[in-house]
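What follows is the residue order along each chain.
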Amino acid sequence: MLGEGILERGLGDMGQAGKRSTEQPLRLGVIGVGVMGSNHARVLAELPGVEFVGVADPDRRQASFVAQALGCSAVDDFSTLLDRGLDAVTIAAPTHLHREIALACIARAIHVLVEKPIASSADEGRDIVGAARRAGVTLMVGHVERFNPAVAAIKDALRGEDILSIAITRVGPFPPRMSNVGVVIDLAVHDIDLIRWFTDSEIIEVQPQLSSAIAEREDIALLQFRTASGVLAHINTNWITPFKARTVHVATRKKYVLGDLLTRQVTECFGFQPDGSYSMRHLSVGHGEPLRAELAAFVAAIRSGSSPAVTGEEGVASLEIAMRCLRRAEIEALPQRIGPRRVVG
Ligand SMILES: NC(=O)c1ccc[n+]([C@@H]2O[C@H](COP(=O)([O-])OP(=O)(O)OC[C@H]3O[C@@H](n4cnc5c(N)ncnc54)[C@H](O)[C@@H]3O)[C@@H](O)[C@H]2O)c1
């Protein structure tokens, strides 16, 4: 097996998860080191307070490429990695494997950060949440956009404000590798999470418009929402725009906040006057890498035993809304698919 022999540390540490003192580094590994997981591994290998044990991926070439670059060990079967005695893992394997892998980790009392979406379905997500709760391990979901400093600046600007509406655009060209999900699960789920987080309220109404221009799955989505607190929100997302754009506009009773999540410019308009004039200021935005902040928050939650920044329940709630959009759009498209009703007689 790839990496056997390199993995020499911690064979006597099995079953020790959750028993480490705050002085000891946490032993972490990454399961699935494709596009996202290799970034997890890069960040974790340098994160203070972490002993980065290794990576697991059945793609041996990819696993050893990542392991060699970072000077850690590689295995092709995730349970072999768990045998090394880990305190925590991040799971960045394909979404349809999240449930199986997360449950296996939790069964060994290993803390888990699972990439977004939490699972393939809300029921599978709930299985992970229930198991983590019963085992008393930390479960966090990788909604990394919350850790984008521009998003954090928007959240700060909205503190104490009466939010009226939110408009989010997340568009770009077709992804180089086709996955088996469309833009709602791949992209809009980020923004569903942001809408729920900005408003501190649940989405209670969804009005989706979906279309498949090039792909088999939906590649254009216009999603409208109403939250329990009465906020109207919409997401415009697609894979048909030749350039990437990610913007957030929020109207409150007293302010209009505009954020560009790529350039990380956040501006607020305020002091509206009857003559139409208003003031404008750029807000200060941090420079940190979102993934680093996310993984540091995961480690901090494990150490403190406090609720992680993005809980499993929140991951399930956002996935559930995304699924509702897909189901609703499917139902509404039904008459067109069947074709016009034949008039007999
Ligand atoms: N937070 C974000 O912004 C973001 C961005 C991209 C992807 N993701 C999520 O990350 C996850 C992975 O996406 P990706 O784009 O990196 O996919 P990817 O295909 O690039 O990587 C997945 C990796 O998992 C490996 N794998 C397959 N079966 C495995 C198993 N049994 N055990 C361990 N590894 C296994 C594959 O060999 C591959 O290397 C998905 O859930 C996706 O939704 C999140």
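The shown structure was predicted, so the numbers you read here are calculated from the model rather than taken from an experiment. (Residues numbered from 1 in each chain as written. Predicted model: local features only at pLDDT ≥ 70, side-chain atom pairs only at ≥ 80, totals over all residues. Heavy atoms only, no water.)

### So, the sheet that holds strand S8 (residues 203-211)
Whenever strands of a sheet pair, they do so through backbone hydrogen bonds, lying parallel or antiparallel. Taken in spatial order, the 8 strands make up an open sheet running S8-S9-S10-S7-S11-S12-S13-S14, and their pairing is mixed. At either end of the open sheet lies a strand with only one pairing partner, and these are S8 and strand S14 (279-282). On average, each strand axis in the sheet is inclined to that of its neighbour by 10°, with strand direction left out of account. In terms of strand pairing, strand S7 (residues 163-171) meets strand S10 (residues 232-238) through 7 bridges, oriented parallel. Each bridged residue has a counterpart across the sheet, and for Val171 the counterpart in S10 is Asn238. (Pairing = 2+ DSSP bridges. Helix = DSSP H or I, 4+ residues; strand = E, 2+ residues; numbered from the N terminus. Axes fitted to C-alpha atoms, helices over the stretch in contact; angles between N-to-C directions.)

### Description of the sheet that holds strand S1 (residues 26-31)
What the 6 strands build is an open sheet, ordered S3-S2-S1-S4-S5-S6; its pairing is parallel. Of all the strands in the sheet, just strand S3 (73-75) and strand S6 (139-142) have a single pairing partner and so form its edges. Going across the sheet, the axis of each strand differs from the next one's by a mean of 20°, ignoring polarity. For strand S2 (residues 50-56) and S3, the ladder comprises 3 bridges, and the chain directions are parallel. In the sheet register, Ala56 faces S3, and the bridge partner there is Val75.

### Considerations on the site of the ligand
Taken together, 24 residues are adjacent to the ligand, and Met36, Asp57, Thr95, Glu115 and Lys116 come closest. Backbone polar atom of Gly34 to an oxygen atom of the ligand: 3.5 Å apart, as the coordinates give it. At a separation of 2.8 Å, an oxygen atom of the ligand approaches a polar backbone atom of Met36. In the complex, the protein chains occlude 77% of the 850 Å² of accessible area that the ligand would expose alone. Within the shell around the ligand, the residues separate by chemical class into 13 nonpolar, 6 polar and 5 charged. (Near = heavy atom within 4 Å. Polar contact = N/O pair within 3.5 Å; in protein donor to acceptor, adjacent residues only side chain to side chain. Areas by Shrake-Rupley, 256 points an atom, 1.4 Å probe, with all protein chains shown as cover. Nonpolar A, V, L, I, M, F, W, Y, C, P; charged D, E, K, R; others polar.)

### A short note on helix H8 (residues 290-304)
Taking 1.5 Å per residue as the helical rise, H8 with its 15 residues ought to reach 21 Å, and the 21 Å between its terminal C-alpha atoms agrees with that figure. Within H8 the residues assigned to the buried category are Pro290, Leu291, Glu294, Leu295, Ala297, Phe298, Val299, Ala301 and Ile302. (Expected span 1.5 Å × (residues − 1). Buried < 20%, exposed > 50% of the residue type's maximum accessible area, 1.4 Å probe, protein only.)

### Comments concerning the confidence of the model for the protein
Predicted confidence across the protein gives a mean pLDDT of 91, with 90% of residues reaching 70 or more. Segment residues 1-19: pLDDT under 50, and 44 contacts once partners within four positions in sequence are set aside and those in other chains are kept. Below a pLDDT of 50 lies the segment residues 340-345, which in the model reaches 0 contacts outside its immediate sequence neighbourhood of four places, other chains included. (pLDDT = per-residue confidence, 0-100. Contact = heavy atoms within 4.5 Å.)

### Let's talk about the nonpolar core
In terms of nonpolar packing, the biggest core is built from 97 residues, with Val55, Phe198 and Phe225 touching the most fellow members. Tallying contributions element by element places helix H7 (residues 183-199) first for this core, with 11 residues. Beyond its immediate chain neighbours, meaning those up to four positions away, Phe225 contacts Ile192, Ile195, Ile203, Glu205, Val206, Val231, Leu232, Ala233, Ile235, Ile321 and Cys325. (Core = buried A, V, L, I, M, F, W, Y, C linked by side-chain atoms within 4.5 Å.)

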